[in-house]
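So the chains spell out like this:
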Amino acid sequence: MKPIQMVDLKSQYQKIKPEIDQCIAEILNSAAFINGSAVKSFQENLEKYLSVKHVISCGNGTDALQVALMAINLQPGDEIITTPFTFIATAEVVALLKLKTVFVDVEPDTFNLNVDLIEPAITPKTKAIVPVHLFGQCCDMEKIMKIAEKHNLFVIEDACQAIGAEYTFKNGKTQKAGTIGHIGCTSFFPSKNLGCYGDGGAIFTNDDRLAKKMRGIVNHGMFVRYYHEMIGVNSRLDSIQAAVLDVKLKHLDEYNAARHQTAEYYNRAFANHPNITTPVIEVCTTHVFHQYTLRIKDVNRDELIKKMNEAGIPVMIYYPVPLHLQKAFADLGGRKGDFPVTEALCDCVISLPMHSEMEEEQAEYIVKRLLENLV
Ligand SMILES: *Cc1c(COP(=O)(O)O)cnc(C)c1O
C-alpha cells in the first residue's frame, strides 16, 4: 500500500505529467513569465467553467479576499460579518484594512454560517458579509443574498475550499460557488481542490465596474500605465502557475468526483456509529470535500490522533482554535462562550485524509484503524 497522506499531490502529478511538463516547458521557452498568454487563457477557461463574467487572477487566496474588500469603498471601522470557524485569512485581511470583523456563529451540521444569526449582528456600520463555504459545501446563499439586499450589503464569498461546488436556488437555478455574491474569492494553494504548484488565487465577479477596479487594484492601482489612481497591491498569478492550472482545470470535476467517492465510502463505514457524526450535506448544495471532517464524541481526541499517526495515518484538526479566541484577534474582545457552536466544533472535529488519488485499500485501512481506535 502506498503511504497515506492528507493530500497526495505526487500521485496526481504522475497521472498528468506529460501535459504538465510540456506546458511548463512552453512557458520556459517563451520566457513570458508574467502576464503571458497562459494567464489570459486560464482566466477565460475558468470564466467558462464557472459561468462567470470576470475572473481576475492574483497571487493567492488571501490577496483575493483583500482586493475584494479594497474594491467596495470601505471606511476604517466599517464592519464585516463572517464566521469564526475558518482559516485566519478570511478575517486577517479585514483587520489589515482597519475594518472590524463581526463574527457570527455557525451551524453544527454544516460548519457554515448560521444565517439566522446574521441579521441580529447587522449595525449601521455593517458593509459586507463574507460567507465561507467551509470544507467544500456552499453556505445558504439564497438567504444570505436576501439579507444582503434588504440591508444593502456586499457579499464576498470565500470559496477557497469550494471551487466546483454548485448551489441550487429554490427555483431550480444553479450557480457555482464564488459566483453568487458580488465578488467571489478562491485559492490555488497546492492542496486546494484546484491547486497549482506554488501560490495562486483568483477573484470572480459578474460586475463590470468591480472587475475593472479589481484589475487595477491587483496591479498597483494602475489603470493606465504609470498612472496610479489609488493605492493597490502587487498580486499576480504567474504564467507557469496559470499553465498548470489550465491543465488541472480540465480534470477538476473528475478530481472532485474522486473526492466524493472517498467521502461516500467513509460515510457508509461510519454511518450510525455512536461516537461519530459524518458530514451532513444540505440539499441546496453539492459538496466537493476539500476536507472530510467528522465530529466525534466521548473519545479522547488527542489519544485517537496519536494512535492514527502511529498507524501511519495523518489526521488533522481544522480548526483547533476559533478565530475569536486567537491571540491575534484579542483586540476584538472575544471570550470563551461567545460562539458556543464553533467552540464545541473546535473541540470535536477531526479531518481524515482526503484527495483525488485515494486508493480503495488506503481508505479501507483508514476506516479500519479509526474504528478500532475509537474503542
Ligand atoms: C486557503 C484559504 C484561504 C487563503 O488562501 P491562500 O492562497 O493560502 O492565501 C482563505 N480562506 C480559506 C477558507 C482558505 O481555506
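Here's what I pulled together on the structure shown here. All residue numbers here refer to positions counted from 1 along the written sequence of the relevant chain. Since the coordinates come from a predicted model, pLDDT governs what is reported: local features require at least 70, and pairs of side-chain atoms require 80 or more to be given and counted, while whole-chain, interface and lining totals use all residues. Derived side-chain values reflect all non-hydrogen atoms in the structure, with water molecules and hydrogen atoms excluded from consideration.

Here the focus is the overall build of the chain. In terms of regular secondary structure, the chain is built from 12 helices and 14 strands. For a compact globule the rule gives 2.2 Å times the number of residues to the power 0.38, and the radius of gyration it is set against comes from C-alpha atoms. Relative to its length of 375 residues, the chain is compact, with a C-alpha radius of gyration of 21 Å against a globular reference of 21 Å. Projected onto the principal axes, the alpha-carbon positions of the chain cover approximately 65 × 55 × 45 Å. For the chain, the residues scored as buried account for 55% of the 375 residues in total. For the chain, the proportion of contacts with a sequence separation of at least 24, taken over those separated by at least 6, is 71%. A helix here means a DSSP run of H or I that spans at least four residues, while a strand means a run of E at least two residues long, and both kinds are numbered starting from the N terminus. Remark: exposure states derive from per-residue accessible area (1.4 Å probe, protein chains only) relative to the maximum for the residue type, with buried under 20%, exposed over 50%, and partly exposed in between. Here, residues are in contact when the closest pair of their heavy atoms is within 4.5 Å.

What follows concerns the packing of helix α3 (residues 61-70) against helix α7 (residues 208-217). Structural elements are reduced to axes, namely lines fitted to C-alpha atoms, with helices fitted over the stretch in contact, and the angle between N-to-C directions of any two is expressed from 0 to 180 degrees. At a minimum axis separation of 9 Å, α3 and α7 run at an interaxial angle of 120 degrees. In terms of orientation, α3 and α7 fall into the oblique class. The way α3 lies across α7 gives a crossing that is right-handed. On the side of α3, the interface is formed by V67, A68 and M70, while α7 contributes K213, M214 and I217. In these notes the angle categories are as follows: under 35 degrees is roughly parallel, over 145 is roughly antiparallel, 65 to 115 is roughly perpendicular, and the rest is oblique. Left-handed describes a crossing in which the near helix is turned anticlockwise from the far one by less than a right angle; the clockwise case is right-handed.

Let us look at the site of the ligand. Within the structure, the ligand sits among 14 residues, and G61, T62, D158, S187 and K192 are positioned closest to it. What qualifies as a polar contact is a pair of N or O atoms within 3.5 Å, subject to a donor-acceptor requirement within protein and to the restriction that residues adjacent in sequence count only when both atoms come from side chains. Between a nitrogen atom of the ligand and a side-chain N or O atom of D158, the distance comes to 2.8 Å. Reported accessibility uses the Shrake-Rupley method at a 1.4 Å probe radius. Residues are deemed covered only where the shown protein chains occlude them. Alone, the ligand offers 380 Å² of accessible surface; in the complex the protein occludes 91% of this. Top element by residues in the shell around the ligand is α3. It accounts for three residues. Residues are grouped as follows: Ala, Val, Leu, Ile, Met, Phe, Trp, Tyr, Cys and Pro are nonpolar; Asp, Glu, Lys and Arg are charged; all remaining types, including Gly, are polar. Its residues placed into classes, the shell around the ligand shows five nonpolar, seven polar and two charged. To be near a molecule or strand, a residue needs just one of its heavy atoms within 4 Å of it.

Now for α3. For α3, the buried fraction is high: eight of the 10 residues fall into the buried class. Where α3 is concerned, the buried positions are G61, A64, L65, Q66, V67, A68, L69 and M70.

The subject of this paragraph is the packing of aromatic side chains. The rule is short: rings of Phe, Tyr and Trp, with Trp giving its six-membered ring, pair when the centres are within 6.5 Å, and they are stacked under 30 degrees, edge-to-face over 60, tilted in between. With the rule as written, the count across this model stands at 13 aromatic pairs. Residues Y266 and Y292 carry aromatic rings whose centres are separated by 4.7 Å and whose planes lie at 45 degrees to one another, so their mutual orientation is tilted. Of this pair, Y266 sits in helix α9 (residues 252-270) while Y292 sits in strand β13 (residues 292-296), and the two are 26 residues apart along the sequence. Through a chain of ring-to-ring contacts, three or more aromatic side chains come together here, namely F85, F111, F135, Y318 and Y319. Its guanidinium or amino end placed over the ring of F169, K173 lies 5.7 Å from that ring's centre, counting from NZ or CZ. A ring is scored as having a charge over it whenever the NZ atom of a lysine or the CZ atom of an arginine sits within 6 Å of its centre and within 35 degrees of its normal. In this structure, K176 packs its charged tip against the face of Y49, placed 4.2 Å from the ring centre.

A packed helix pair is summarised by two numbers, namely the angle formed by the two axes and the spacing between the axes. Following both chains from N to C, one finds helix α10 (residues 301-310) and helix α12 (residues 360-374) inclined at 140 degrees, their axes separated by 10 Å at the closest point. Compared by their axis directions, α10 and α12 come out oblique. Taken as a pair, α10 and α12 cross one another with a handedness that is right-handed. Where α10 abuts α12, its residues L304, K307 and M308 lie against I366, R369, L370, N373 and L374. Residues that form the contact of α10 with α12 fall into these classes: five nonpolar, one polar and two charged.

Across the junction of Y318 and Y319, the peptide omega takes the value 5 degrees, indicating a cis bond. Within the secondary structure layout, Y319 lies in the loop between α10 and α11 (340-348). Phi angles above zero are rare outside glycine, and S51 is one such case at about 55 degrees. Relative to the helices and strands, S51 resides in the loop between α2 (37-50) and β1 (54-58). On the basis of relative accessibility, which here comes to 62%, the residue S51 falls in the exposed class. In this structure, N73 is a non-glycine residue whose phi angle is positive, near 55 degrees.

Our focus in this paragraph is a nonpolar patch on the surface. Patches here: salt-bridge-free residues with over 30% relative accessible area, like charges joined within 9 Å, nonpolar side chains (Val, Leu, Ile, Met, Phe, Trp, Tyr) joined within 5 Å. For salt bridges, the criterion is a side-chain nitrogen of Lys or Arg within 4 Å of an Asp or Glu carboxyl oxygen. A cluster of nonpolar side chains, namely L28, F33 and I34, defines an oily patch on the protein surface of about 270 Å² accessible area. Structurally, the position occupied by I34 is in the loop between α1 (9-30) and α2.

In this section: the side chain of N256. With respect to the helices and strands, N256 occurs in helix α9. Using a relative accessible area of 6% as the deciding quantity, one classes N256 as buried. Beyond its immediate sequence surroundings of up to four residues, N256 is in contact with I163, G164, N193 and V288.

Next up on the list: the environment of V67. Relative to the helices and strands, V67 resides in helix α3. We classify V67 as buried; its relative accessible area is 1%. As a C-alpha pair, V67 and I217 span 150 residues in sequence and 6.7 Å in three-dimensional space. Leaving out residues up to four positions away in the same chain, V67 has contacts with I203, M214, I217, V218 and V233.

Our next topic: the pattern of salt bridges. Side-chain pairs of opposite charge can arise where the charged atoms are in close proximity. With the rule as written, the count across this model stands at 14 salt bridges. Residue E19 is joined to K250 by a salt bridge in which the shortest nitrogen-to-oxygen separation is 3.2 Å. Of the two residues, E19 sits in helix α1 while K250 sits in the loop between α8 (239-249) and α9, which places them 231 residues apart along the sequence. The class of E19 is partly exposed, set by a relative accessible area of 33%. On the basis of relative accessible area, K250 is assigned to the exposed category, the value being 60%. Among the ionic pairs, R369 bridges to E372, the shortest N-O distance being 2.7 Å. A residue pair is termed a helical-turn pair when its members lie 3 or 4 positions apart in one helix, as R369 and E372 do in helix α12 at three residues. For R369, a relative accessible area of 17% corresponds to the buried category. Looking at E372, the relative accessible area reads 41%, which means it is partly exposed. A network of salt bridges, in which partner residues are shared, links K2, D8 and E359.

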